[in-house]
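Topology and contacts: notes
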Amino acid sequence: MTLKKHTIPTERCGDVTVFVQGDLVNHDKKAVFLTIHDLGCNHTSFHDFVEHPAMSEIKQRSVFIHVDVPGQEDNAPDLPDGFVFPAMQDLGDAMSTVLDMLDVKFVVGLGEGAGANILARFGLAHPSRVLGLILIHPTSTVAGVMETIKDKIISWKLTNLGMNTTAEEYLIFHRFGTQLTEQMEVTDNKERVMREFQQKLKSSINPKNLSKYVNTFLNRTDISSILRKNLQVETMVVVGSKASNLRSVHTMHQSMDSARAQLLQLDGVGDVLSECPEKMAQSLLLFVKGLGLLTSVTMVGVQRQRTFSGGSEDEVAGRPRTQRSLSMEEYDRPNLQRLLSRERRESRDETVHE
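So, a few notes on the structure that sits alongside this text. (Residues numbered from 1 in each chain as written. Predicted model: local features only at pLDDT ≥ 70, side-chain atom pairs only at ≥ 80, totals over all residues. Heavy atoms only, no water.)

Another point: the packing of helix α3 (residues 88–101) against helix α4 (residues 114–125). Packing of α3 against α4 brings their axes to within 8 Å, and their N-to-C directions diverge by 65°. Viewed along their axes, α3 and α4 adopt a mutual orientation that is roughly perpendicular. Note that α3 runs across α4; the crossing there is right-handed. Contact residues: α3 offers M88, Q89, L91, G92, D93, M95, S96 and L99, while α4 offers A114, N117, I118, R121, F122 and A125. Partitioned by chemical class, the residues of the contact of α3 with α4 number 8 nonpolar, 4 polar and 2 charged. (Axes fitted to C-alpha atoms, helices over the stretch in contact; angles between N-to-C directions. Helix = DSSP H or I, 4+ residues; strand = E, 2+ residues; numbered from the N terminus. Parallel < 35°, antiparallel > 145°, perpendicular 65-115°, else oblique. Left-handed = near helix turned anticlockwise from the far one by under 90°. Contact = heavy atoms within 4.5 Å. Nonpolar A, V, L, I, M, F, W, Y, C, P; charged D, E, K, R; others polar.)

This is the structure:
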């Protein structure tokens, strides 16, 4: 599946680079995902996940809109002098412009780390555009004292020294929840993906631009106090048991409305996208099925149940069926009834911006 690159100007955060994986033609009959990446990454982390065999059926019936935060795409030039890197809230607000430019009305948000924080803000500010949120390793609180010190050191080194050992080890720990030196607990697959991530940091990511993303994440504001009341979209919070911010993820989940937010913790992993893509794909599909999306898609190894036309016999009761069976396209079409009823409720309330 090829990627189509778009450069979309936004009022709040300059040009945003967007890669569309899939065909936007008739996108209203498909599941549309909006992805935003973590520190030290870009759209390729989600692209690789979507290309995994476990995602094959989902990929065929979906469109993935991958957003690269300014200056984070592969081999990006230095951001212009005087460029003011957008705040996390500005990035969240700008996603509505991205969708408008692509003529997309509704999405399921899929974000990781800092990207998950941005999508949570988008869901808070623009709930009518969001069918659901899948937040991997999200954080809702401000940076703590130790995080502030570490991040300031890392940002200074990235700006003045370029990519260096200290920054690499910090970003590896941030993403995988373990250090490269802890080889006793690192499986062959995890060591491989960690090495690939390390190589990408050295060869593809602009360190000066990355330092600006680190700084804006460091200076994030707290959204914990408004989550329970104002995040009114179905949300799945995902975390690996070895994640570096495991406690912060649990804190965020506890701040949310338990009727709308579920927590999925995957044991023995730090980076869920690369270490356990099969489990992540299965969880993603189950979540979006609950939203009324991709209902005809089955999990790997699960045979699709037989469907019957209007004149067939009911195998249990022996009675003719009166309802018409749905086509696969009709099964996959988003069920907007839940969203429309929610929009009517929200129209009576004031939209809350942080």
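On to the pattern of salt bridges, then. The final tally for this structure, using the stated rule, is 8 salt bridges. We note a salt bridge from E51 to K59, for which the minimum N-O separation is 3.4 Å. Here K200 and D74 are joined by a salt bridge, their closest N and O atoms 2.6 Å apart. Pair noted here: K200 is in helix α7 (residues 188–203) and D74 is in the loop between β4 (62–68) and α3, with a separation of 126 residues, a long-range link. Residue K200 is classed as buried on the basis of its relative accessible area of 18%. (Salt bridge = Lys/Arg side-chain N within 4 Å of Asp/Glu carboxyl O. Buried < 20%, exposed > 50% of the residue type's maximum accessible area, 1.4 Å probe, protein only.)

Pairing between the strands of a sheet is mediated by backbone hydrogen bonds and can be parallel or antiparallel. Reading across the sheet, the 8 strands line up as β1-β2-β4-β3-β5-β6-β7-β8 and stay open at both edges, with mixed pairing between neighbours. Lying at the two open borders of the sheet, with one neighbouring strand each, are β1 (3–10) and β8 (261–266). Strand-to-strand twist of the sheet, defined as the mean angle between neighbouring strand axes without regard to direction, takes the value 20°. Pairing of strand β3 (residues 31–36) with strand β5 (residues 107–112), which is carried by 4 bridges, proceeds in the parallel orientation. Looking at the pairing, F33 lines up with V108 of β5. Contacts from α3 reach β1, β2 (14–21), β3, β4 and β5, with the element oriented near 125° to β1. (Pairing = 2+ DSSP bridges.)

Taken across its 7 residues, strand β7 (residues 234–240) has 7 buried, putting it largely inside the fold. Burial along β7 is two-sided: E234, M236, V238 and G240 facing one way and T235, V237 and V239 facing the other are all buried. Pairing of β7 with β8 involves 6 bridges; the strand directions are parallel. Its bridge partner being in β8, M236 is matched across the sheet by Q262. In this fold, β7 hands off to helix α10 (residues 246–254), which returns the chain to β8; that crossover is right-handed. (Right-handed = clockwise from strand over helix to strand, strands pointing away.)

So yeah, pure geometry; function would need other evidence.
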